[in-house]
Amino acid sequence: MAVALTLTSCNRQIIYSHYEPIDTDGWERHDTICFMIPYAEEGQYAETLGLRAIGTYPYRNLTLIVNQKKSTQEPNRVDTINCEIVGEKGILKGSGTSIHQIDIPLTTVHLQAGDTLNVSICHHMSREMLPGITDIGFTLKKLTE
């Protein structure tokens, strides 16, 4: 029972974690994955991008455009993220056997009380239809003060 309580208490700081599936035919360039994170208490939060991939992914890297908009009147934050997801020996990074989970730390964000955060993600690869990515996720974790 003590172990169960310890494990569940470790995740109290995660206020949002969600994955969206990608079409099995592939991820189209114009398909944008969107996450709307409802507000939490004011503070600093760590952002993590998660992706799940399978062996049919044709490249070593993946370039993503991550657009973030707070509900306050601040300008959008747009980042281009280049992730190495296949190692030198052609093996997917991350954990898993047939589907590999890869977590990519992004940045920290300060949210005010009442803020919501809208995050949209699309790929910026040369192919219109990108095979091998099965899910895209986003996690927001409150940093201890």
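Preceding this paragraph is the structure being described.
Residues numbered from 1 in each chain as written. Predicted model: local features only at pLDDT ≥ 70, side-chain atom pairs only at ≥ 80, totals over all residues. Heavy atoms only, no water.

Here the focus is the packing of aromatic side chains. Tallied over the entire structure, the rule returns two aromatic pairs. Looking at Arg 52, its charged tip hangs above the ring of Tyr 19, at a distance of 3.7 Å from the centre. Against the face of Tyr 45 rests Lys 142, its NZ or CZ located 5.6 Å from the ring centre. (Phe/Tyr/Trp six-rings, centres within 6.5 Å; stacked < 30°, edge-to-face > 60°. Lys NZ or Arg CZ within 6 Å of the ring centre and 35° of its normal.)

Position of Glu 47 relative to the elements: it lies in strand E4 (residues 43-53). The side chain of Glu 47 sits in the buried core without any salt bridge; Arg 77 is the nearest counter-charge, 5.7 Å away. Looking at Glu 47, its side chain comes within polar contact range of the side chain of Gln 68, at 3.0 Å. (Helix = DSSP H or I, 4+ residues; strand = E, 2+ residues; numbered from the N terminus. Buried < 20%, exposed > 50% of the residue type's maximum accessible area, 1.4 Å probe, protein only. Lys, Arg positive; Asp, Glu negative; His and termini not counted. Salt bridge = Lys/Arg side-chain N within 4 Å of Asp/Glu carboxyl O. Polar contact = N/O pair within 3.5 Å; in protein donor to acceptor, adjacent residues only side chain to side chain.)

Attention now goes to the pairing of strand E6 (residues 77-84). Where strand E5 (residues 61-70) and E6 come together, eight bridges link them in antiparallel fashion. The partner of Leu 62 across the bridge, within E6, is Cys 83. Once E5 ends, the chain turns through six residues before running back antiparallel as E6. (Pairing = 2+ DSSP bridges.)

Grouped together as the largest cluster of nonpolar side chains are 33 residues, with contacts concentrated most on Ile 133 and Ile 136. Sorting the residues of this core by element identifies strand E3 (33-37), E4, E5, E6, strand E7 (100-111), strand E8 (117-123) and strand E10 (133-142) as the ones contributing at least two each. In contact with Ile 136, not counting residues within four places along its chain, are His 18, Tyr 19, Glu 20, Ile 22, Trp 27, Ile 33, Phe 35, Leu 49, Gly 50, Leu 51 and Ile 121. (Core = buried A, V, L, I, M, F, W, Y, C linked by side-chain atoms within 4.5 Å. Contact = heavy atoms within 4.5 Å.)

Remark on secondary structure: sheet strands pair via backbone hydrogen bonds, oriented parallel or antiparallel. Spatial ordering of the open sheet is given by E3-E8-E5-E6, a layout of four strands whose pairing is antiparallel. Looking at which strands have only one partner, the edges of the open sheet turn out to be E3 and E6. Pairwise comparison of adjacent strand axes, ignoring direction, gives a mean angle of 20° for this sheet. (Axes fitted to C-alpha atoms, helices over the stretch in contact; angles between N-to-C directions.)

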